[in-house]
Protein chains: 2
Amino acid sequence: MSCPFSGSRTGPTRRGLLVGAGGALASVGAGALARAATPAAQAPAALSEPFFGRHQGGIATRQQTHSYFAAFDCLAKTRDDLTGMLQLWTTAAARLCAGDTARDLGQDPSVEGPDGGSALGLSPSRLTITFGFGPGLFVKDGVDRYGLAARRPPALIDLPKFNGDQLEAQLTGGDLSVQACSDDPMAAFHAVRELARLSYGFAQFRWAQQGFLPDAPAAETARNLMGFKDGTNNPRGSATSPTPDSPRNFEEVVWVDEEGPDWMRGGSYVVARRIRISLEHWDRTEVDFQEQVVGRHKYSGAPIGKANERDSLGLDRLDGDGNPLIADNAHVRLGAAATNAGAQIFRRPYSYNDGIRFTAERWPPWRQGMMYDAGLFFLCYQRDPREGFVKIYENMAKLDALNQFTTHTGSGLFACPGGIGEGEFVGQKAFM
Amino acid sequence: MSCPFSGSRTGPTRRGLLVGAGGALASVGAGALARAATPAAQAPAALSEPFFGRHQGGIATRQQTHSYFAAFDCLAKTRDDLTGMLQLWTTAAARLCAGDTARDLGQDPSVEGPDGGSALGLSPSRLTITFGFGPGLFVKDGVDRYGLAARRPPALIDLPKFNGDQLEAQLTGGDLSVQACSDDPMAAFHAVRELARLSYGFAQFRWAQQGFLPDAPAAETARNLMGFKDGTNNPRGSATSPTPDSPRNFEEVVWVDEEGPDWMRGGSYVVARRIRISLEHWDRTEVDFQEQVVGRHKYSGAPIGKANERDSLGLDRLDGDGNPLIADNAHVRLGAAATNAGAQIFRRPYSYNDGIRFTAERWPPWRQGMMYDAGLFFLCYQRDPREGFVKIYENMAKLDALNQFTTHTGSGLFACPGGIGEGEFVGQKAFM
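Just so you know, these numbers come straight off a predicted model, no measurement behind them.

S.K.: Teacher, can you tell me more about the packing of helix α2 (residues 79-97) of chain B against helix α3 (residues 185-198) of chain B here?
M.R.: A pair of packed helices is characterised by two quantities: the angle between their axes and the separation of those axes. Residues and elements named next belong to chain B. Two numbers describe how α2 lies on α3: the axes approach to 10 Å, and their chain directions differ by 155°. Judged by the inter-axis angle, α2 sits roughly antiparallel to α3. Two packed elements cross with a definite hand, and for α2 against α3 that hand is right-handed. The segment α2 lies against α3, with Leu88, Trp89, Ala92, Ala93 and Leu96 engaging His190, Ala191, Leu195 and Leu198.

S.K.: What's the story with the interface of chain A and chain B in this structure? I'm lost.
M.R.: Listed per partner, the contact involves 72 residues of chain A and 72 residues of chain B. When the shortest N-O distance is used, the salt bridge between Asp283 of chain B and Arg197 of chain A registers 3.9 Å. For the interface between chain A and chain B, the tally reads 11 residue pairs in polar contact (both at pLDDT 80 or more). Among the secondary structure elements, those contributing two or more residues to the side of chain A that touches chain B are α1 (30-35), β1 (66-74), α3 (185-198), β4 (203-212), α5 (279-282), α6 (287-294), β7 (350-361) and β8 (367-382) of chain A. Residue classes in the side of chain A that touches chain B are distributed as 35 nonpolar, 19 polar and 18 charged.

S.K.: Would you take a moment to explain the packing of aromatic side chains for this structure?
M.R.: Each aromatic ring pair is described using two quantities: the centre-to-centre distance and the angle formed by the ring planes. Here the structure, examined in full by the defined rule, presents 46 aromatic pairs over all chains. Ring centres 5.7 Å apart and planes at 15° place the aromatic pair Trp89 of chain A and Phe131 of chain A in the stacked group. Of the two residues, Trp89 of chain A sits in helix α2 (residues 79-97) while Phe131 of chain A sits in strand β2 (residues 128-133), which places them 42 residues apart along the sequence. Seen in terms of ring centroids, Phe162 of chain A and Tyr393 of chain A are 4.9 Å apart; in terms of plane orientation they differ by 70°. Their pairing is edge-to-face. Note that Phe162 of chain A is positioned in the loop between β2 and β3 (176-182) and Tyr393 of chain A in helix α8 (residues 389-399), a separation of 231 residues in sequence. Looking at Phe162 of chain A, the relative accessible area reads 3%, which means it is buried. Put simply, the rings of Tyr68, Phe72, Trp89, Phe131, Phe189 and Phe205 of chain A together with Tyr372 of chain B pair up and form one aromatic cluster. The ring of Tyr200 of chain B carries Arg284 of chain A above its face, with NZ or CZ at 3.7 Å from the centroid.

S.K.: Help me out: how do you make sense of the pattern of salt bridges in this one?
M.R.: Side-chain pairing between opposite charges can occur once the charged atoms of the two side chains come close. Taken as a whole, this structure holds 47 salt bridges over all chains when the rule is applied. One salt bridge in this structure joins Arg383 of chain B and Glu259 of chain B, with 2.9 Å as the shortest N-O distance. Here Glu259 of chain B lies in the loop between α4 (250-254) and β5 (268-277) and Arg383 of chain B lies in the loop between β8 (367-382) and α8 (389-399), a separation of 124 residues in the sequence. Here Arg383 of chain B falls in the partly exposed class, since its relative accessible area comes to 25%. By relative accessible area, which is 48% here, Glu259 of chain B ends up partly exposed. One continuous salt-bridge network, built from bridges that share partners, spans Asp73, Lys140, Arg145, Asp175 and Arg206 of chain A.

About the cut-offs
Residues numbered from 1 in each chain as written. Chains lettered and ligands numbered in written order. Predicted model: local features only at pLDDT ≥ 70, side-chain atom pairs only at ≥ 80, totals over all residues. Heavy atoms only, no water. Axes fitted to C-alpha atoms, helices over the stretch in contact; angles between N-to-C directions. Helix = DSSP H or I, 4+ residues; strand = E, 2+ residues; numbered from the N terminus. Parallel < 35°, antiparallel > 145°, perpendicular 65-115°, else oblique. Left-handed = near helix turned anticlockwise from the far one by under 90°. Contact = heavy atoms within 4.5 Å. Salt bridge = Lys/Arg side-chain N within 4 Å of Asp/Glu carboxyl O. Polar contact = N/O pair within 3.5 Å; in protein donor to acceptor, adjacent residues only side chain to side chain. Nonpolar A, V, L, I, M, F, W, Y, C, P; charged D, E, K, R; others polar. Phe/Tyr/Trp six-rings, centres within 6.5 Å; stacked < 30°, edge-to-face > 60°. Buried < 20%, exposed > 50% of the residue type's maximum accessible area, 1.4 Å probe, protein only. Lys NZ or Arg CZ within 6 Å of the ring centre and 35° of its normal.

Set out below in structure tokens:
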């Protein structure tokens, strides 16, 4: 593989930043000497998440407050180019998650290509980097570019078109995904950017999306831009305490086991949906109405008529007129495991805020103008999207009362390989 | 003023969130009872910044890690509508900065309009809200809409067109500005959104921009997306320690004094520039070259040939060939007070990251494709932009070597009135 930067790359075990260079630089002049005053930061252990292990980071990891998700089109011409790039990515990602630069800063400033430096001196702030393989990596336009066609898992489907989809091509799909999550937005963006630099000529950005969470207490379910708590009924073991409406455990819902190919064991499938929310519309509705739409009380997060967030939904409860207390088209009913023959997903969403754009809106009174391009960057993990997101959302896309406020403008499905062992690169077993 | 929400608004001194409602709700049913379980958060003092005082917050305030800046077009038809809106904004802003909701949550969920709730339970995380008046508030298209024409300060100029400007109308100008800064991105966005809701019919978004800073130690100058420290030579008193190249104090540079009208005393002028950076281009250049362009060493932040960030620039130093050690077109030289007859500004910039967009680029080899829409949301404060930003940037726009990497796509100039006293609304003296 002829990577433009492989010449200046050092081995994956080399971690130290450039430190005082002493005599070796004596003849290089004042500039280089000054440059030697380089920050030498190694992250305190508590601020770094493990990179190697049975699972990739960023899935079971307690959700960080910032995310940068990028989808790439793969340009690599050969299988070796592709694996070479994945090796570079893996090495750099391990360094970044440990609080190091993506590549050695080097001592010769006339060489292009060391880490760009925008995260120098920062803690990784629990940085995780999660890689995914899209359908196009296996077969694209009918071509088996990398000899992987036979390795495509049946679960890595092409997502169907859902009712109401308004997907934009430039926000959809991709052969590879890289998500960096961190409690520092700079650390997350820096990580993706450095990996993108390592892939020049072999992969290029297709789309990218920043996201954030409120800095809420760890024990509390974070609220989204609709002002409601989001994630209460996640699988057991992923939240502070279980709810009666989440029948299954995180491990069972999320991780691919023996049903998957070797390289996916301990991995998961991520569905990404960029969901613009008509905040202007939502903000003009009454709290009462909002609660009917969601099926929960806004402030407490409790199911309609209940007192506590983690109370059972009680979907069969009727009001005095014999109507369901939680409406047939309420979001929480349509998403519940009980409504979907037990199907569950693990939601790990971020809010996003891309400013104000000219938008034509579909809600009445129909209008167009400068509106928020903000909403939910929905991410969910499951061991089989056919039995997870697709099963749940096909119905919701048609019936959910929330749909009048939401527009899905971007989408992707990626197979996130199992965890990476030291010395391996991500997804290595798929190439064996 | 007929504000759609003034009916449900309570006085500015009322701060408590909805707490247990007891007997008053006994007949309202289970839903309302459940709703009474409302988070009752009051921010710890250390996490809130003062709202009232001699200056508006968000200028001298130690920079928070997140910013949401919005420019509004004013639609108010009468002077009373405008002042009524500013009163609503002021009241809500004071509540938000104290960690409260923008408006009372109310007890009747069938009334539209309480705070939207997306920051419920969060700390304000040092939230500040800074208001500004644009030229259009005084005279627009030759019309003196609010009887303010005579109050327009000479310093509130129409910014000239600068060399290289590629301003987009939908990212430029505005009659009013609102910037929320917080260490929590949700708190910042929530604040602007709630103020926007209070102004329905009286002001509408023109443009908005999120921004972030790395979570760097408070004593260190934060790096921008170019990997360089940004802000070293800010006025004395605004950084950890003074530099020899910053001759004047923060107070002297920033705050309008007797030269300004009453309502601007203790205020300042903010220039906002949305500067896209060709990160793809920058990332392909050598560190050596980057340092020549900036005039500083990348890792240490020291002037070329010096050892420490805060060393004097030594602009008159020559190399062995008699050429300036810091190049004539180096960014740091062109921005220095010494180069600009002592002119100084206070920079309070944020990085921004708006994803990947199709962009035509001007750097060689010329190309177009999916590129970062990311860079610097440059904000600077000064007591007179004619003697500050305009004076400094007119020259830089023509000569700065950094310009080959930067494109100014948005711009605004706003007069930020002096601090607000309790019982006043922002800029009140301009209406007296």
